[in-house]
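# Geometric and topological summary
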Amino acid sequence: MESEQHRINADRTAMIEDLLEAFKRLSADSLQREERVEKLTLKFTPESGLSVEGAIDSISVKGFAYLDVHLGERFTRASHFPRSILIRLGLLD
């Protein structure tokens, strides 16, 4: 059980780091952006931050710190996270 919790924590940490990188790139442009890819909608405004709608749980980023990221509890595996979409949108390498 402990190793499962360790894996979940590691996966969630990686997801949060990806979200912070995406937020950083979007903030550098300071432009409002809304993208629909598959069933997901990514929204960014400099005032409200980043949100992703349509995933298995809520995702939002309001700032540049780890604590500024809200990642819903249902994200427990890397496969739950829409990383490939962030890559396709040029927000991750």
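You'll find the structure just up there.
First, a word on scope: everything that follows refers to the structure included in this document.

Each value, and the rule that gives it
- Throughout, a residue's number is its position along its own chain's written sequence, starting from 1.
- It should be noted that, the model being predicted, local features are given only for residues of pLDDT at least 70 and side-chain atom pairs only at 80 or more, the latter also being counted only at that level, while totals for whole chains, interfaces and linings use all residues.
- Hydrogens are left out, water is left out, and the side-chain values use all remaining heavy atoms of the structure.
- Only strands that DSSP links by at least two bridges are regarded as paired with each other.
- The numbering of helices and of strands both runs from the N terminus, where a helix is a DSSP run of H or I of at least 4 residues and a strand a run of E of at least 2.
- In this analysis an axis means a line fitted to C-alpha atoms, helices contributing only their contacting stretch, and an angle means the value between N-to-C directions, from 0 to 180 degrees.
- Between two residues, a contact is recorded if the distance between any of their heavy atoms is within 4.5 Å.
- Note on terminology: a nonpolar core comprises buried Ala, Val, Leu, Ile, Met, Phe, Trp, Tyr and Cys residues joined through side-chain atoms within 4.5 Å.
- Buried residues are those whose accessible area, probed at 1.4 Å on protein chains only, stays under 20% of the maximum for their type, while exposed residues exceed 50% and partly exposed ones sit between those limits.
- For a helix, the expected span equals 1.5 Å multiplied by the number of residues minus one.

## Digging into the sheet that holds strand β5 (residues 69–71)
- Read across the open sheet, the 5 strands follow the order β1-β2-β3-β4-β5; overall the sheet is antiparallel. The two strands at the open ends of the sheet, each matched to only one other strand, are β1 (33–37) and β5. Between one strand and the next, the sheet's axes are offset by a mean angle of 10°, whatever the strand orientation.
- Judged from the 3 bridges that link them, strand β4 (residues 59–61) and β5 form a sheet pairing that is antiparallel. Each residue of the ladder has a partner; that of Ser-60, found in β5, is His-70.
- Of the strands in this sheet, β1, β2 (40–45), β3 (49–53), β4 and β5 are in contact with helix α1 (residues 2–29), which crosses β5 at around 135°.

## Re the nonpolar core
- Counting 25 residues, the largest nonpolar core has Leu-19, Leu-42, Leu-50 and Ile-59 as the members making the most contacts within it.
- Put simply, the parts of the chain that give this core at least two residues each are α1, β2, β3, β4, β5 and α2 (83–88).
- Among the elements that take part in this core, α1 stands out by supplying 7 residues, more than any other.
- Every residue in contact with Leu-19, bar those within four places of it in the chain, is listed here: Leu-50, Ile-59, Val-61, Val-69, Leu-71, Phe-81 and Leu-86.

## Here we look at α1
- Under the 1.5 Å per step criterion, the end-to-end length of α1 is 41 Å for 28 residues, consistent within 8% with the ideal 40 Å.
- What α1 keeps buried is the set Ile-8, Asp-11, Arg-12, Met-15, Ile-16, Asp-18, Leu-19, Leu-20, Ala-22, Phe-23, Leu-26 and Ser-27.
- Contacts made by the buried residues of α1 are with β1, β2, β3, β4, β5 and α2.
- A positive backbone phi angle near 55° is found at Ser-30, which sits one or two residues after α1.

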